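Residue strings, one per chain:
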Amino acid sequence: MTDLIRLTDVEKTYTRGKEKIAIFERLSMRIEQGDFLALMGPSGSGKTTLLNLLGGTDRATRGTIEFDGKRIDKLSEGQLTNWRAQNVGFIFQFYNLMPILTAAQNVELPLLLTNLSPKKRRENVATALNIVGLSDRARHKPREMSGGQQQRVAIARAIVADPKLLLCDEPTGDLDRTTADEVLGTLQLLNRDLGKTIVMVTHDAAAAKFAKRTLHLDKGHFVASELAA
Amino acid sequence: MNRITYLLAHILLGVLAFLVFTRVAPGPLFSAFQLLFFILSITLIIWRGINIGWRNWAWLILLIPVVNVGFLLFAPSKERFPKRNFIEITPDRSTTVDDVRLVRWNLARNSVRTILLSVSILIAFLLFGVLVSFNVAITDVRTAPNRMVTLSKINFTESLPIAYFDRVLHTDGVLAATHMNWFGGYYQDQRRGFMAVFAVDPDSYLRVYQDDLHLTPQARETFLHERTALLVPRNIADRYHWRVGQHIPINSNIFTNGTNGSHVWDFTIAGIFETPDGNSQANSVLIRYDYFNDTITFGRDRIGWISFLTTSATVNDRVAHAIDTRFANSQDETSTQDAAAFNRSFAAQLGNIALVVTLVVGAAFAAILLIVGTTMALAVRERTKEVGVLKTLGFSSGRILRMVLGESMLLSLIGATLGLLAAAGVLYILSHLNGGGGGGFHLYPSVIGISAAIAIALGLVTGILPALSAYRMNIIEALGRR
């Protein structure tokens, strides 16, 4: 398997007032294409910051980040925005759907950044909703759907532009066990059948079991690694 | 418009309103609107003075409870019209999304707020449209560049001896001249029937104003030869349904008719004339000076002012100087100026309208700027997370800036359009309330143009700060992901 992501000696510090807070010091890691990685660790261990760096929504203070062999830490703000639109799908804990839009319209949003015609966009939206099993809820608005359904809409939105990488920040944190398992099953399906590389931040050990491997972070360092049984 | 077409038009409007309002606001709101509609109809009927007869009145009044009861009986079920926002944000849920739709839907998401903001912008543009149009109507009257006016140096209400007319006419550089007197006329009702009636010398008037009045040869002949002849502009003839040959009594609130001791003079309509748009004579009702002069009880052989044409606009100053020098140190000193300046000084008698317009409209726009600006900033702040999501998905900061600006621009343009429509309505009512005497009140294209520019500027100014805040918004902070 080839590496999709390679982090080398990455440092990340935040400034809070006069104080500098180091999140990572010389962090290195590799994520292979088709991997399903769960990131676990206590609060403040750097999980979400790592996810932000991988998704290009935050920049490393030092070090290199490569995606598919290209350095993304060198990209300008505009280039990084375009790169994100083409390569990364995001799934958030609280779904973050736009309340004024229907499920289909929410899923369509990333396609507005492409040159696809409205007809083609509609087809792609239908496919994405079909994959997550929500074809019959296309015209419903978020408030008319359950939490699990909303998260599946968010998944459809993340995959509709066919990105290589899916970044999930506590995707089941707001769901009950049964619904969470359904959502995780969908992610597993995307990884297994469509070859999506997934990095998922979670506090939930049961959720992490859906991943192929789990990395434990603590104070900005990987402290343990597990492979799925 | 006769009463049948008038009522039919209202019924059609009612049906349209029914179709529109049952889609967006079924229930009590429709009933309230319908009641408002009927009140408006009845007010219009009374105001327009249309006598529809007691039977029709009974039908109309009966129609209100009948339609309302009918609506309640056959009201659509709640399932067919589920509770929804006053404005359905995404009317067609099957439609695809694009930036323009996103702007529209975002604007409509808090419909109460949007309606209130639109109304406040509407009021500002209503004030602007009415006041500026009013100002333009009384100051920007179109006259020929070589047209001049000689009047008393004291002010335009002081008259001049009629002997001055010949002297002005024979001044070097004067091509043609006529004289005019203010009659202070009104028809039937002193308040609503006001008209700008002028007593003129027919022969010289029709020469000086030959390019301003579109008159039939027969009307011209009658006015030249019939002492009681009256010429009326088309707008006033239409207002009172006057026709040629009709006998019309006109009152004066200044003069007394010596022949009957009353304030009433009888006239016969010799012709109905039309003028080019915005012409100074567009609202002038013309009577003959000889009839006027022979019957008034005071002020005989005096004239209000002399209107004349010079051989060329380039000699205006020289001619004005010659005339005023000639009458200097006499009992009736004169002031000669070009007709445009005369119109402006006439308007100045009403006060400094431009200053009033600037102050009132300025205050209105300043208030709107603060209200809309603050509300837009609040609206974007409420959507911080959504902006963060859009940026995460790959929407560029520039694109988000354009979308927020688009929202404030759209809001401003909606308010401005509604405000100008309301202003057009108010100006229409104003021009008819004073009996057509100031029938020139309408929304000028220049006012519409300036309003469009202000609307765009208002949209930009009120939207720029929230748009910049959205532009600069950091994804991590917007989503609270750290």
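Just so it is clear, the model here is predicted, and its values are computed rather than measured.

Asks: Just checking my understanding: could you explain the interface of chain B and chain A for this structure?
Replies: The extent of an interface is frequently quoted as the accessible surface area lost upon association of the parts. Residue-level contacts link 22 residues of chain B with 27 residues of chain A. Of all the elements in the fold, those that place two or more residues in the side of chain B that touches chain A are helix H4 (99–108), helix H14 (384–393) and helix H17 (475–479) of chain B. Looking at the side of chain B that touches chain A, the element that brings in the most residues is H14(B), giving five residues. Looking at the side of chain B that touches chain A, its residues break down into eight nonpolar, seven polar and seven charged.

Asks: What exactly am I supposed to notice about the sheet that holds strand E1 (residues 3–16) of chain A here?
Replies: What links the strands of a sheet is backbone hydrogen bonding, and the strands pair in either a parallel or an antiparallel sense. All names here are of chain A. The strand order across the open sheet built from four strands is E2-E1-E4-E5, with neighbouring strands paired in antiparallel fashion. With partners counted over all chains shown, the strands left at the sheet margins are strand E2 (19–32) and strand E5 (70–71), one partner each. Docked against the sheet, helix H1 (residues 47–55) engages E1, E2 and strand E4 (62–67), running at close to 120 degrees with respect to E1.

Asks: Please explain unusual backbone geometry as it appears in this structure.
Replies: With the exception of glycine, most residues fall at negative phi, and the peptide bonds are largely trans. All names here are of chain A. In this structure, tyrosine 95 is a non-glycine residue whose phi angle is positive, near 65 degrees. Notably, glutamate 170 is not glycine yet its phi reads approximately 50 degrees, a positive angle. Note on placement: glutamate 170 falls in the loop between strand E7 (165–169) and helix H6 (177–194).

Asks: Any chance you could explain the sheet that holds strand E3 (residues 36–40) of chain A here in plain terms?
Replies: Residues and elements named next belong to chain A. Here six strands make up an open sheet; going across it, the order is E6-E7-E8-E3-E9-E10 and the pairing mixed. Of all the strands in the sheet, the pair left with one neighbour each is strand E6 (88–91) and strand E10 (221–227). The mean angle between the axes of side-by-side strands here comes to 20 degrees, regardless of whether they run parallel or antiparallel. Pairing of E7 with strand E8 (residues 197–201) involves five bridges; the strand directions are parallel. Directly across from leucine 166, in E8, lies its bridge partner isoleucine 198.

Criteria and cut-off values
Residues numbered from 1 in each chain as written. Chains lettered and ligands numbered in written order. Predicted model: local features only at pLDDT ≥ 70, side-chain atom pairs only at ≥ 80, totals over all residues. Contact = placed C-beta atoms within 7 Å. Helix = DSSP H or I, 4+ residues; strand = E, 2+ residues; numbered from the N terminus. Nonpolar A, V, L, I, M, F, W, Y, C, P; charged D, E, K, R; others polar. Pairing = 2+ DSSP bridges. Axes fitted to C-alpha atoms, helices over the stretch in contact; angles between N-to-C directions.

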